[in-house]
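Examining the three-dimensional arrangement
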Amino acid sequence: MASDPSQLTIHFQPERRLDVIDVNQHVKDETEGFLEAHRKALYCSYHTTAGYLEETICKRLDRHPDQVQEFIAPFRELFPFGADYQHDQLHLRKELSPEQRQTEPRNADSHLTFIGSGLENCVTYPSDPSRPVFFVDLDGVNKDNQNRRERRTTVIGYDDERTVEETEITVPVSNHRIDSVSLRDPRLGIFDQLHEMLAERGIKTGRITIDLPPDEKHAGLTVNEYETLLMKHDLVDVLRDPLRFMAQKGRNMLSNPGAIPNKAKNYAKYDLVRLVNKVVDTLGLSESLVERVIDKCLAVPAERFLRMKRSVSLLVTEDESNGEGTIVQGRYQSPILVQWRKSDPQTRRLRVRLTRFE
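Residues numbered from 1 in each chain as written. Predicted model: local features only at pLDDT ≥ 70, side-chain atom pairs only at ≥ 80, totals over all residues. Heavy atoms only, no water.

1. Quick word on the environment of Asp84
Among the structural elements, Asp84 can be located in the loop between α3 (65–78) and α4 (98–103). Judged by relative accessible area, Asp84 falls into the partly exposed class, the value being 38%. Here the alpha-carbon distance between Asp84 and Asp234, two residues 150 residues apart in the chain, equals 8.9 Å. (Helix = DSSP H or I, 4+ residues; strand = E, 2+ residues; numbered from the N terminus. Buried < 20%, exposed > 50% of the residue type's maximum accessible area, 1.4 Å probe, protein only.)

Put into structure tokens, the structure is as follows:
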């Protein structure tokens, strides 16, 4: 007999800047029998530099933390710490107070790695205590002051998922070739519309899936921080020139080839990873060769070069203040629509599906 959905929120601290943490081990330590009681489990991260790999990718990586780190490694080479990111020019961050600028982490590399590697804020796995589910933290320890972050994730155990409503929404985009839009922007009214739909349908525990129809080309979706310098400058630079930051750091490494570690080849099945490995392997040879490889890489469309997603999921749980379903989001999280070619007309269509966990 099916049981009602169960919810558990876990708090923990990573041990290092890039940390791969088995959340299922924390679940077993905190609540015995939680995973055994349900067929499926949804895992939700509240952070913009820490999330999950989809279950199919994790299976191909043999569910081993070392393999996960190897999968992430090329994206960290693509977006190295300390490159010339606008997001990290803290004196330009007008939303920060002088006190906040003293402690704000320089972590644009982690945001771009999250987006580029296809990490997700919400994933679903079979609810199996014998198998790990990895929380991948890209900025678990502040590289400037070595402070460890406080992290949290919510796990929803459930047996079935039923579609309650499907609809389509239209999002205005600018006339710029490269553009990004926060779907959480109150001026769009999308979240208000979604919460009205949840209330009308009486959904208290479930999810909202937002995806791009097949005919919406040259666009992607992610959940991250919609900070102006990050979205309007750094991400734009990446979509114009995917190897910009890597090449910037790589030229500095030419004098020290030993600084570039050898990469494992067992995940060469992925086009992007194989491509990045090729660039990394040549960085110590000659600058002219690096330039030729970079030129070749830039001929690859952004949708193949980056693992930009075409759908995102938003967890819905019951709001204790009013008993209605509410969208769960971390303080800085926002679903973001990204395009790298103009749309005519200046809109993008998104499909929305509301489901209830049972």
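And the narrative resumes.
2. Regarding the sheet that holds strand β6 (residues 134–137)
Judged by pairing direction, the sheet is antiparallel, and its three strands sit side by side in the order β2-β6-β4 without closing on themselves. Of all strands in the sheet, those with a lone pairing partner are β2 (19–22) and β4 (50–52), marking the two edges. Across this sheet, the average inter-strand angle for adjacent strands is 25°, counted without regard to direction. In terms of strand pairing, β4 meets β6 through three bridges, oriented antiparallel. Counterpart to Ala50 in the pairing with β6 is Asp137. The strands touched by helix α1 (residues 23–30) within the sheet are β2, β4 and β6, with β2 carrying the most contacts at an inclination of about 40°. (Pairing = 2+ DSSP bridges. Axes fitted to C-alpha atoms, helices over the stretch in contact; angles between N-to-C directions. Contact = heavy atoms within 4.5 Å.)

3. Side note on the layout of surface pockets
Space inside the largest pocket adds up to approximately 860 Å³. The wall of the largest pocket is formed by 31 residues, among which Arg93, Glu104, Glu225, Arg331 and Tyr332 lie closest to the centre. Listing elements by their share of the lining of the largest pocket, those giving two or more residues are α4 and α7 (228–240). In the lining of the largest pocket, the residues fall into seven nonpolar, 13 polar and eleven charged. (1 Å grid on protein atoms, 1.4 Å probe; cavity = no way out; pocket = protein on both sides within 12 Å on 5 of 7 lines; lining within 4 Å. Points joined across faces, edges and corners; volume = space filled by probe spheres on them. Nonpolar A, V, L, I, M, F, W, Y, C, P; charged D, E, K, R; others polar.)

4. Quick word on the side chain of Lys309
Along the chain, the position of Lys309 falls in the loop between α11 (302–305) and β12 (311–318). By relative accessible area, which is 15% here, Lys309 ends up buried. A polar side-chain atom of Lys309 sits 2.3 Å from a polar atom in the side chain of Glu54. Here Lys309 is in contact with Glu54, Gly118, Glu120, Gly220 and Leu221, once residues within four sequence places are set aside. (Polar contact = N/O pair within 3.5 Å; in protein donor to acceptor, adjacent residues only side chain to side chain.)

5. Focus on empty space enclosed by the protein
Within the structure shown, the criterion is met by two cavities of 30 Å³ or more. Considering only enclosed or pocket space, the largest cavity measures out at about 50 Å³ in volume. Every residue along the wall of the largest cavity is listed here: Phe114, Leu119, Glu120, Asn121, Leu221, Thr222, Val223, Lys309, Ser311, Val312 and Ser313. Listing elements by their share of the lining of the largest cavity, those giving two or more residues are β11 (219–224) and β12. Of the residues that constitute the lining of the largest cavity, the class distribution is five nonpolar, four polar and two charged.

6. Considerations on the packing of helix α5 (residues 108–117) against α7
Angle between the axes and distance between the axes are the two parameters that describe a pair of packed helices. Direction vectors running N to C along α5 and α7 enclose 60°, while the axes themselves pass 11 Å from each other. α5 and α7 meet at a crossing whose hand is right-handed. Touching Ala108, His111, Leu112 and Ile115 of α5 are Leu230, Met231, Asp234, Leu235 and Val238, all from α7. Class assignment for the residues of the contact of α5 with α7 results in seven nonpolar, one polar and one charged. (Left-handed = near helix turned anticlockwise from the far one by under 90°.)

7. Brief notes about the pattern of salt bridges
Scanning the entire structure with this criterion turns up 24 salt bridges. Across the pair Asp139 and Arg17 runs a salt bridge whose closest N-O atoms are separated by 3.0 Å. Residue Asp139 is located in the loop between β6 and β7 (151–158), and its partner Arg17 is located in the loop between β1 (6–12) and β2; the two are separated by 122 residues in the primary sequence. One exposure class covers both Asp139 and Arg17, and it is buried. Between Glu54 and Lys309 there is a salt bridge, with its nearest N and O atoms 2.3 Å apart. Here the residue Glu54 occupies a position in the loop between β4 and α2 (55–60), and Lys309 occupies one in the loop between α11 and β12, the gap between them amounting to 255 residues. One continuous salt-bridge network, built from bridges that share partners, spans Glu168, Asp215, Glu216, Arg348 and Arg349. (Salt bridge = Lys/Arg side-chain N within 4 Å of Asp/Glu carboxyl O.)

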